[in-house]
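Secondary and tertiary structure notes
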Amino acid sequence: MATTTATAAQQEAPAVRTTKRPSGPFRWVRERIIPIIGLLVLFYMFLPIFVVVMFSFNQPNGRFNYQWVKFSFDAWTNLCSVGGLCESLQLSLVIGLLATLGAVILGTLMAFGIARYRFRGRSGSNLLVFMPMATPEVVMGSSLLTWFVLLAFARGTTTILIAHVMFCLSFVVVTVKARIAGLDPRLEQAAMDLYANERTTFWRVTFPLVLPGIVGASLLAFSLSFDDFIVTNFNSGSTVTFPMFVWGAAQRGTPPQINVVGSLMFIVSLTIVLIAQVVQRRRKKA
Amino acid sequence: MSGGAVAATAVEQQDIRSHPGGGATESKGVGTSKWTPYILLTPGFLWLALFFIIPTVMLLLFSLYSGSLDQGYSFEFPGNWSTYSAVWEYRAQFFRSFLFAGLSTFFCLALAYPLAYFIAFKSGKWKATLLVLVIAPFFTSFLIRTLAWKTILADDGPVVTFMNWAHITNVLALLHLTETDRVLNTPLSVVLGLTYNFLPFMVLPLYASLDRMDPRLVEAAQDLYSSPWTALRKVTWPLSLPGVVAGTLLTFIPAAGDYINAELLGTTKVSMIGNVIQDQFFVVTDYPTASALSFVLMLTILVLVFFYVRRAGTEELV
């Protein structure tokens, strides 16, 4: 665009060009202004992650890990020495897996229903699925809490799970629905032309094609559940998930072990995404 | 609400593009009974009805209850409407919530637009990698990342030292955004945290709508002697509006209800309505008042979103 910019300016106002055209480093910056701003914004997004990883190697003086003192591997080698951290991590992983399972089963069924059929109440269903995504978490969390209080239902792992399935559900429906809508209908027609019955077509053609969408939805649901704080905070009773643990730590003292978990999460998810990308690229080539 | 939520939206929009002929075709999958869709929808529908719709109604009902946590709550006709006086009492926090959410949405848009534009039009073979980088911050717990800002904005840290040296904090203090020598625990740090936390929610929808745009339209505009600025204003911007609307909603709604940034990066002087609601539930344990505040928050957001979407006039949202 930089060259077209220059030509446009020339054609429009040649007189201006001679006087106002910038030169030297200023011009270099001006021609690359969008990539420069873009990369600066990315830097802004990554800055806290550098800090998280760096401070996982810190040996703080007091209870809080906000100031650099000295380099140490202590936190990495003694991950579970902080009381309650590993328990909360384990609980979050279990809740994440179960909530994902629940949300993916319910959500995939809904997605097929909405994407594949025209029926009375279809747009209403779309709206219903959209609503939880457009509601602030504090409202969702507090309304569930009042409901559980009215039912005299004790808050704990069960209520956390119920809440997580609820807010993950919409995201699963949206993701899987998009995948179904993006399918090439001719593939199914081809299967039918080759005398596959409906059941065979579904399990041999449709479902494998939708599967990447379901996998994506699962990853998304898991990360939503694993990282959720607000809704969980309202419905956890005295149960402590990992985000709840971090929240408590922010008040009482942040051990560098928290940063170790943060760094590990980052490394693991980045690896998963990179593997997925490589697999996708190979498939495209094949 | 974190995560690749938005990643999903981006993926979705790409997928839709790849097969415009696909989409909701008449029942071709399993079973052709007219009851099939209802059977498929029932389990999920029940879950949402039981744990989303009914609780929301209960929230409204509960705001009219009287009683306390120890003595139990009860409803007496015509309801305990005095809880709604709290809305006026906490008007400052309501105002601050919407102001901070609005500011951070604006900053998100200002930061995300160049980045999304860069990824969509100028990144070449790096496109996929850059998209991964945009969602990569989501891979770490957002609470931990928010806490990291405490280190970055520390009073004696390089950022604030520089801002003090360049008198930036003095100027910002005149606008009541910071104090004269610190950034942490001021409105600026809260807005900054909100902007940071919700930025990917803005980048991805913007990218999705910019990526769908035909770049030749800008070339055409320039062939017709438009300046780059005019081309941006008259061609690119209007075509990216669906992304702008989706992005602003995905940023504004969670930001208005957020209390994490105000709690971790601010003080009670800059608390938002989310902080009040959470305090009313867990510290004061006045559930009816908390419900009233929560309900008014939801209602206000719904009304704002309704008028915003109507003005923006886009139907590509759901």
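Since we're looking at a predicted model, the values are computed, not measured.

Helices and strands together make up the secondary structure of chain A, namely 14 helices and 0 strands. Starting at the N terminus and ending at the C terminus, chain A contains elements arranged as α-α-α-α-α-α-α-α-α-α-α-α-α-α. Since a compact globule built from 286 residues should have a radius of gyration of about 19 Å, the 26 Å found for chain A marks it as more spread out than a globular shape. Seen along its three principal axes, the alpha-carbon backbone of chain A occupies a region of about 80 × 70 × 40 Å. When burial is assessed residue by residue, chain A has 44% of its 286 residues classed as buried. Put simply, of all contacts in chain A between residues at least 6 apart along the chain, 75% involve residues at least 24 apart.

Time to look at the overall build of chain B. Check the secondary structure of chain B and you find 15 helices and 2 strands. Looking at chain B as a whole, 48% of its 318 residues are labelled buried. For chain B, the proportion of contacts with a sequence separation of at least 24, taken over those separated by at least 6, is 71%.

A few words now on the packing of helix H4 (residues 33-55) of chain A against helix H4 (residues 91-122) of chain B. Running from N to C, H4 of chain A and H4 of chain B cross one another at 120°; their axes reach a closest spacing of 8 Å. Here H4 of chain A and H4 of chain B pass one another in a crossing that is left-handed. Here H4 of chain A contributes Ile34, Pro35, Ile37, Gly38, Val41 and Leu42 of chain A to the contact with H4 of chain B, which in turn contributes Leu111, Pro114, Leu115, Tyr117, Phe118 and Lys122 of chain B. The class makeup of the residues in the contact of H4 of chain A with H4 of chain B is 10 nonpolar, 1 polar and 1 charged.

What follows concerns the environment of Leu206 of chain B. Residue and element names in this part refer to chain B. Mapping Leu206 onto the fold places it in helix H9 (residues 187-211). Placed 89 residues apart in sequence, Leu206 and Tyr117 show a C-alpha to C-alpha distance of 8.1 Å. Excluding residues within four positions of it along the chain, Leu206 makes contact with Ala112, Tyr113, Ala116, Ser240, Gly243, Val244 and Gly247.

Most peptide bonds are trans, and most residues other than glycine sit at a negative phi. Residues and elements named next belong to chain B. Phi at Asn185 is positive, roughly 65°, even though this residue is not glycine. Structurally, Asn185 is set in the loop between helix H8 (168-174) and H9. We note that Thr285 has phi near 45°; this positive angle belongs to a residue other than glycine. Along the polypeptide, Thr285 turns up in the loop between helix H14 (273-282) and helix H15 (287-312).

A word on the interface of chain A and chain B. Contacts between chain A and chain B engage 95 residues on the former and 90 residues on the latter. Looking at which element gives the most residues to the side of chain A that touches chain B, the answer is H4 of chain A, with 14 residues. Split by residue class, the side of chain A that touches chain B holds 62 nonpolar, 23 polar and 10 charged.

A separate point is helix H6 (residues 142-152) of chain B. An α-helical turn contains 3.6 residues, so a residue and the one three or four places further along point in the same direction. Buried residues dominate H6 of chain B, accounting for 11 of its 11 residues. All buried positions along H6 of chain B are accounted for by Phe142, Leu143, Ile144, Arg145, Thr146, Leu147, Ala148, Trp149, Lys150, Thr151 and Ile152 of chain B.

Time to look at the nonpolar core. Ranked by size, the top nonpolar core spans 154 residues in total, and within it Cys168, Val172 and Ala221 of chain A together with Ala112, Ala116 and Val203 of chain B carry the most contacts. If one sorts the elements of this core by residue count, H9 of chain B sits on top with 16 residues. Apart from residues no more than four positions distant in its own chain, Ala112 of chain B is found in contact with Leu199, Met202, Val203, Leu206 and Gly247 of chain B.

On average, residues of chain A score 87 in pLDDT, and 92% of them are at 70 or above. Segment residues 1-19 of chain A is flagged for pLDDT under 50; beyond a separation of four residues in sequence, or across chains, it makes 13 contacts in the model.

Moving on, we come to the packing of H4 of chain B against helix H12 (residues 241-257) of chain B. All names here are of chain B. In the contact formed by H4 and H12, the axes pass within 9 Å of each other and the chain directions differ by 145°. Where H4 crosses over H12, the two elements pack in a sense that is right-handed. Across from Ser97, Phe98, Phe100, Ala101, Ser104, Thr105, Cys108, Leu109 and Ala112 in H4, the residues of H12 making contact are Val244, Gly247, Thr248, Thr251, Phe252, Ala255 and Ala256. Broken down by class, the residue content of the contact of H4 with H12 amounts to 10 nonpolar, 6 polar and no charged.

Let us now look at the environment of Pro137 of chain B. Looking at the element boundaries, Pro137 of chain B is found in the loop between helix H5 (127-135) and H6. Taking the number of C-beta atoms within 10 Å as the measure of exposure, Pro137 of chain B has 23 and is therefore buried. Between the C-alpha atom of Pro137 of chain B and that of Asp155 of chain B, which follows or precedes it by 18 residues, the distance is 25 Å. The contact partners of Pro137 of chain B, leaving out residues within four places of it in the chain, are Met45, Phe46 and Ile49 of chain A together with Arg145 and Pro200 of chain B.

A separate point is H12 of chain B. Over its 17 residues, H12 of chain B runs 24 Å from end to end, which matches the ideal 24 Å to within 8%, given 1.5 Å per residue. In terms of residue burial, H12 of chain B counts as a mostly covered element, since 15 of its 17 residues are buried.

So, about the environment of Glu179 of chain B. All names here are of chain B. Here Glu179 shows up in the loop between H8 and H9. A tally of 17 C-beta atoms within 10 Å means that Glu179 is categorised as partly exposed. Residues Glu179 and Thr236, 57 residues apart in the sequence, show an inter-C-alpha distance of 39 Å. Leaving out residues up to four positions away in the same chain, Glu179 has contacts with Ala173 and Thr186.

Attention shifts here to the confidence of the model for chain B. Residue and element names in this part refer to chain B. Residue-level pLDDT values for chain B average 84, and 88% of them are 70 or greater. The spread of mean pLDDT over the elements of chain B runs between helix H1 (residues 5-18), the lowest at 43, and H4, the highest at 95. Complex prediction metrics read pTM 0.85 and ipTM 0.84.

Basis of the calculations
- Residues numbered from 1 in each chain as written.
- Chains lettered and ligands numbered in written order.
- Predicted model: local features only at pLDDT ≥ 70, side-chain atom pairs only at ≥ 80, totals over all residues.
- Helix = DSSP H or I, 4+ residues; strand = E, 2+ residues; numbered from the N terminus.
- Rg over C-alpha atoms; globule rule 2.2 N^0.38 Å.
- Buried ≥ 20, exposed ≤ 12 C-beta atoms within 10 Å, placed from the backbone.
- Contact = placed C-beta atoms within 7 Å.
- Axes fitted to C-alpha atoms, helices over the stretch in contact; angles between N-to-C directions.
- Left-handed = near helix turned anticlockwise from the far one by under 90°.
- Nonpolar A, V, L, I, M, F, W, Y, C, P; charged D, E, K, R; others polar.
- Core = buried A, V, L, I, M, F, W, Y, C linked by C-beta atoms within 7 Å.
- pLDDT = per-residue confidence, 0-100.
- Expected span 1.5 Å × (residues − 1).

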